[in-house]
Every structure is written in C-alpha cells, then in structure tokens.
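Below, each chain spelled out in residue letters.
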Amino acid sequence: FMRLESSKFTLHPLDANEPRQGGKVTVKSLIFDVRTFTLKWKTFYGIYGDDFIQYGEFKEGTNPLEDEELLLKLTEDVQNSDDILQKVT
C-alpha cells in the first residue's frame, strides 16, 4: 500500500504573546493513494506545548477545538476511545 501525504499545521496559541506556552493545533492532510489514484482530505485536531505535539482524528460530529475535555483525551493512554479514531504523537 503506497500513499503520499502532505500536512499543514495551524497553531492556535492559548496566549498570543507567548505562543511557546502551548495551545491547540489543527492539522489538514492531503492524502494521495497511489494504487487508486484518489485524493482525500483529513482534518486532525490536537494540542501542543514547548516540546511536544499530539493530535488525532476525531469522529464526525464532534468539535474538538471547542471541547477542551475532548482534546485532553489525546493524552490519556486509552486504546478504545469512542471519540478518537486515530492518534498521532
């Protein structure tokens, strides 16, 4: 299975004067499947700090940028979450 992926990260700092303190992140990925010659967009949401970034794909119908409790589930070591489809660290 061969695919090419390009991602764009948008940082939403908690404090605009101190962006290294951390905040939320939106990742938009363009995926090209070489086998089927199809393009697909995926949007991931997550959190970042001075020395880490963690994001994931959430189920449709959720708004992770508005729900901080949902974003914090990314940091938990839970394998079977109903809200998080995929984690990236």
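Look above for the structure.
These remarks concern the structure in this document. (Residues numbered from 1 in each chain as written. Predicted model: local features only at pLDDT ≥ 70, side-chain atom pairs only at ≥ 80, totals over all residues. Heavy atoms only, no water.)

A word on unusual backbone geometry
With a phi close to 55°, F37 is a non-glycine residue in the positive phi region. Relative to the helices and strands, F37 is located in the loop between strand 2 (23-33) and strand 3 (38-48). Judged by its relative accessible area of 66%, F37 is exposed. (Helix = DSSP H or I, 4+ residues; strand = E, 2+ residues; numbered from the N terminus. Buried < 20%, exposed > 50% of the residue type's maximum accessible area, 1.4 Å probe, protein only.)

Considering the environment of T75
Summarising the element assignment, T75 is placed in the loop between helix 1 (68-72) and strand 5 (84-88). Residue classification places T75 among the partly exposed positions, given a relative accessible area of 46%. Linking T75 and Y55, residues 20 residues apart in sequence, is a C-alpha distance of 9.3 Å. Setting aside its immediate chain neighbours within four residues, T75 contacts I47 and Q54. One polar contact links the side chain of T75 to the main-chain carbonyl oxygen of L72, over a distance of 2.7 Å. (Contact = heavy atoms within 4.5 Å. Polar contact = N/O pair within 3.5 Å; in protein donor to acceptor, adjacent residues only side chain to side chain.)

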